[in-house]
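Analysis of the macromolecular model
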Amino acid sequence: MTSLALDRLNKHFGTQHILRDVSIAMAQGEFVSLLGPSGCGKTTTLRCIAGFEQPSSGRILFGDRDVTAALPEKRDIGMVFQSYALFPHMTVAENLDFGLVARKVPPDERRRRREAVLGMVRLQGFEGRYPRELSGGQQQRVALARALVIEPSVLLLDEPLANLDATLRDEMRFFIRELQQRVGITAIYVTHDQAEAMVMSDRIVVMRAGAIAQVGTPRMIYERPASLDVAAFIGRSNTLEARVEAVAGGGGLYVVRAGPSALRAAGPVGLAPGSAVRLLLRPEAVRVDPPDAAPAGGGNHILARIAASVYQGAAIQLVLETPEGARLIADVNGRRAVAPGQTVALGFAPADAWLLPA
Amino acid sequence: MTAASGVRRTLWDRLFLALVAAIYIFLMFPIVLVVVLSLNSGEFLAFPLEGVSLRWFGALFGNQRFLAALIYSVQIAAVATVVNAVFGTLAALYVARFAGRWRDRLRTLMTSPLLIPEILTAIALLFYFYELGIGTRYSLAIQMGHIVITFPYVFLNVSAALFNFDRSQEEAARSLGAGPWMTFRRVTLPAIKPGLITGGLFAFVISFDVFNISLLLKALGHNTMPLELFDYLRFNFDPTAAAVASLSIFVTFGAIFLIDRTVGLRSLRF
Amino acid sequence: MTETRTGAPVAPQHLRMLWMLAPAFVLLLLFFILPYVSIATMSLREASTRAVHGEGWTVSHYTTALTDAYILTVIGRTVLMGGLVTLLALLLGYPVAYHLAMSRSRWTSLLYVCVLSPLLVGLVVRTFAWMIILSNNGVVNQTLRSLGLIDFPLQLMNTPAGVVIALTHVFLPFVVLPLLGNLQAINPEVSMAARSLGASRLRTFLKVTLPLSLPGLQAGAILVFVLSISAYVTPALLGGVRGRTMSVLIVQYLVDTFRWPAGAALATIMAAVALIAVTLFLLLTARAMRRLP
């Protein structure tokens, strides 16, 4: 069942085109992140959903209800803001009651729901405190409780962890995700932090320059990026220039030539033999073998010289140079000594390499 | 904010905007009216205008009393501005940097001439100068009154500029071998210049307009511009008064224009 | 460190730099603080017909003032007019401040000038403008007469009403500026949060924006009240006898009838009235303010 749908949203501001044909459909209970650099349109999209901005064209549907023209207060949303936006002149209890009073919930019902939700965010006994008497993490949880206590049809989160310190941020990621799954609410999460989007989301919507660049599960986005832009934004990656030599069976497996080596790699279906491509290789997918070893079953080998080796504790980061002058980065197990200047064979499985049209 | 662009305007928005527009008209109407009537060629301060002319400005500049008052006002305001530019800047620097736990108390003291009713200060100075045996025989009393009453404007504006000033710039200058004086002249002063300009122009305009201080402390035989206008209005009610008023309005808008062009209006502090 | 430094100890910086504060401090001490002592002493001197004040000391100026029916009427009228001006200025100033705080149009700085400029145009000039508007042959009466609404001019000059209208105009910026600062400092996401929780715009304003702008309202109210009960020019030119206020009375004592000690006592009473009113106001608003950060 579709819980929330954006249908070709466009937004113009003067001569600027801020949103271009943004369409997303979300299932009930799904956690979707809008991910992208600042200015990519993710916040504008969220504000359109909340009703604080009006799209120039397109529709917003909550279930089968068209809310495109509805006022924010009529949309039945719960929203968590980057600044938490707690009412500074109200206690925690009054903050939580605010939405319930607007919905004319009777006092004893208010009290029951307040206590239930404070239990969920582990803040029982904080009812009488003012926001200024709470730590950043506690304020964050009150903001979350205030949005959830009204039992909204959608939960909107606008970079809610941006103002927390690193340790607390890690903790809150799991806390929010776990709470969202327990309540079973549909959630949209705006962030510019790819690690955050990775660990929390069912699906990620990568946005760029006002348009959607890719929609998919975290695994798809990371391993099968739709474009070089997406690949560059999510994690680190090596790229090698290559040319398609042949299609190696169905399911998007190809043989490509990069310099002297013929390599097998996965790619989107439909790459034509002879076309120029980029071969994407994540640093952690690379294995370092002795130069004379045979590649493990069906794998690839590239010869390269170790230019530098940086000890990083858990791993050693190697900077490698192929004879053609391409530079590659590889993260290898930290226990094995590798000396700069040495020539090694870089091995990787075809499924770990991904081809994109150049 | 709910009134942000991109959200539909409701009926309430329109009503609210109409209300705000009406209040702006209430704010500006009297001032515009004075300027318009000063251009009337007829004998009376009333509508309809008989024609447009500059005759009343001619009458103003032919009036020796107004001219003398104008010169006297400018002198008093100029002295007040120069003295305050120095005293106010030094005090603002001290309060911002070295006052420590005295900062808030000193700040209150420095701005108190602005917070305490002007007429009380005028009365106080009148008695004080009498007790000193100087009285109002010279321009000293009125001049000191103007300096004191306009002092907070320079102090506040320079303080605001200092608040936004990153002191590591000074440390950088010192580390590069500049002495305290060179650091002040080449780094600090340029940074607080907007506040100094705004505060100085403000002090000038306020001094030019101050009334109660001038009324009680004026030296014998000298009237400032507002006093002369006040006296004139008690016995005459013709467009010459409007011309005088217009002149003062032009001075004010000239100053606002200067502030806007040099440092921006948003930097104003009260 | 075992090595000790020799020579004179260096004074801390805040003492070495006191010379920067000295000119301003001496200025304010000599020509602001000490003069206020003069008001107090003057108000306690005996009256004299031959000199500014007599030889002896007395509190009779206070007792006379506080038992004189006419003076008490003037005090009452001054406070009432001040209260009315404050209320009107708050009512008119709030929408303007709210609009300026929310506005992001390129006209904003022009509107800002509109708010500021009355402050910078001299009091005499602004009062003069209101004389033109309110006099018997003024703009208001001319307009009403040409519309056939009245046969005889409305008496607007030389009444308390005229003074209240003009003072509201004169002091409006003093409400707008502190309120504007306050409203701009409120996190805009807070009112968005209220909307997202289902509160209408009116409810958001009443429950969130208005309480959070109380400090600005308070500052504006105090400023306008103190300024309007001590205003001189406007009531002197527009008020006539029926609109006479304490300031006008005091200046009469000082300049026209030359009764300095009695005038000093009246000035002290005016300061006390202002202080009492402000204190009462602070006490009344303390409950609402306690919740604010």
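Residues numbered from 1 in each chain as written. Chains lettered and ligands numbered in written order. Predicted model: local features only at pLDDT ≥ 70, side-chain atom pairs only at ≥ 80, totals over all residues. Heavy atoms only, no water.

Thoughts on the overall build of chain C
Each helix and strand in chain C was counted, giving 14 helices and zero strands. In chain C, the order of α-helices and β-strands from amino to carboxyl end is α-α-α-α-α-α-α-α-α-α-α-α-α-α. Relative to its length of 293 residues, chain C is extended, with a C-alpha radius of gyration of 25 Å against a globular reference of 19 Å. Per-residue burial for chain C yields a buried fraction of 54% across its 293 residues. (Helix = DSSP H or I, 4+ residues; strand = E, 2+ residues; numbered from the N terminus. Rg over C-alpha atoms; globule rule 2.2 N^0.38 Å. Buried < 20%, exposed > 50% of the residue type's maximum accessible area, 1.4 Å probe, protein only.)

So, a nonpolar patch on the surface
Residues and elements named next belong to chain C. Judged by side-chain polarity, F25, V26, L29, L30, I33, L34 and V37 come together as a nonpolar surface patch covering roughly 510 Å² of accessible area. Secondary-structure assignment places V26 in helix 2 (residues 18-43). Given the relative accessible area of 44%, V26 is considered partly exposed. (Patch = residues over 30% accessible without salt bridge, like charges linked within 9 Å, V, L, I, M, F, W, Y side chains within 5 Å. Areas by Shrake-Rupley, 256 points an atom, 1.4 Å probe, with all protein chains shown as cover. Salt bridge = Lys/Arg side-chain N within 4 Å of Asp/Glu carboxyl O.)

Notes on the state of the cysteines
Residues and elements named next belong to chain A. Evaluated as defined, the whole model comprises zero disulfides over all chains. We note that C40 lacks a disulfide partner, and the nearest cysteine sulfur, in C48, lies 13 Å from it. Residue class for C40 comes out buried when judged on its relative accessible area of 1%. What makes C48 buried here is its relative accessible area of 0%. (Disulfide = S-S within 2.5 Å.)

So, the confidence of the model for chain B
Chain-level statistics for chain B give a pLDDT mean of 85 and a share of 93% at 70 or above. Scored below 50 in pLDDT, residues 1-6 of chain B makes 15 contacts in the model with residues more than four places away or belonging to other chains. (pLDDT = per-residue confidence, 0-100. Contact = heavy atoms within 4.5 Å.)

Considering the pattern of salt bridges
All names here are of chain A. Tallying each qualifying case throughout the model produces 29 salt bridges over all chains. Notably, a salt bridge pairs R47 with E53, separated by 3.4 Å at the nearest N-O pair. With respect to burial, R47 and E53 carry one shared label: buried. The salt bridge partner of R287 is D289, with a shortest N-O separation of 3.4 Å. Given a relative accessible area of 14%, D289 falls into the buried group. Salt bridges here are not isolated pairs; linked through shared partners, they connect E109, R112, R113 and E151.

Some words on the packing of aromatic side chains
Counted according to the given criterion, the structure contains 23 aromatic pairs over all chains. Both rings, one in Y130 of chain B and one in W260 of chain C, keep their centres 5.6 Å apart while their planes meet at 80 degrees; by these two values the pair is edge-to-face. You can see Y130 of chain B sitting in helix 5 (residues 118-131) and its partner W260 of chain C sitting in helix 14 (residues 260-289), one on each of two chains. What makes Y130 of chain B partly exposed here is its relative accessible area of 34%. Residue W260 of chain C is classed as buried on the basis of its relative accessible area of 7%. Consider the rings of F258 of chain C and W260 of chain C, whose centres lie 5.4 Å apart with planes at 45 degrees: the pair is tilted. Three or more aromatic residues link up through ring pairs in this structure, and these residues are F16 of chain B together with Y94, Y98 and F205 of chain C. The ring of Y222 of chain A has R282 of chain A sitting right over it, with the charged end atom 4.0 Å from the ring centre. Note that R259 of chain C overlies the ring of Y253 of chain C, its terminal NZ or CZ placed 4.2 Å from the centroid. (Phe/Tyr/Trp six-rings, centres within 6.5 Å; stacked < 30°, edge-to-face > 60°. Lys NZ or Arg CZ within 6 Å of the ring centre and 35° of its normal.)

With respect to the interface of chain C and chain A
The interface is formed by 22 residues belonging to chain C together with 27 residues belonging to chain A. In total, chain C and chain A occlude about 2,200 Å² of area from one another, counting both sides; carbon and sulfur atoms represent 61% of this. One can count one salt bridge joining chain C with chain A. One salt bridge connects R195 of chain C with E73 of chain A, and the closest N-O pair in it is separated by 2.6 Å. For the pair chain C and chain A, the interface holds five residue pairs in polar contact (both at pLDDT 80 or more). (Buried area = accessible area lost by both parts, 1.4 Å probe. Polar contact = N/O pair within 3.5 Å; in protein donor to acceptor, adjacent residues only side chain to side chain.)

What to know about the interface of chain B and chain C
Each partner contributes residues to the interface: chain B has 81 residues there, and chain C has 83 residues. Taken over both partners, the interface formed by chain B and chain C buries close to 7,900 Å², and the fraction arising from carbon and sulfur atoms is 81%. Counting across the interface, chain B meets chain C through one salt bridge. The salt bridge involving D13 of chain B is made with R201 of chain C; its shortest N-O contact spans 2.8 Å. Taken together, chain B and chain C are joined by six residue pairs in polar contact (both at pLDDT 80 or more). Among the elements that make up the side of chain B that touches chain C, the one with the highest residue count is helix 1 (residues 11-38) of chain B (16 residues). Looking at the side of chain B that touches chain C residue by residue, the class counts come to 69 nonpolar, seven polar and five charged. (Nonpolar A, V, L, I, M, F, W, Y, C, P; charged D, E, K, R; others polar.)

Observations regarding the pairing of strand 10 (residues 211-216) of chain A
All names here are of chain A. Bridge analysis of strand 9 (residues 203-208) against strand 10 gives five bridges, and the strand direction is antiparallel. Note that in strand 10 the partner of M207 across the bridge is I212. Here strand 9 folds back onto strand 10, and the loop between the two strands holds two residues, one of which, A209, carries a positive phi near 50 degrees. (Pairing = 2+ DSSP bridges.)

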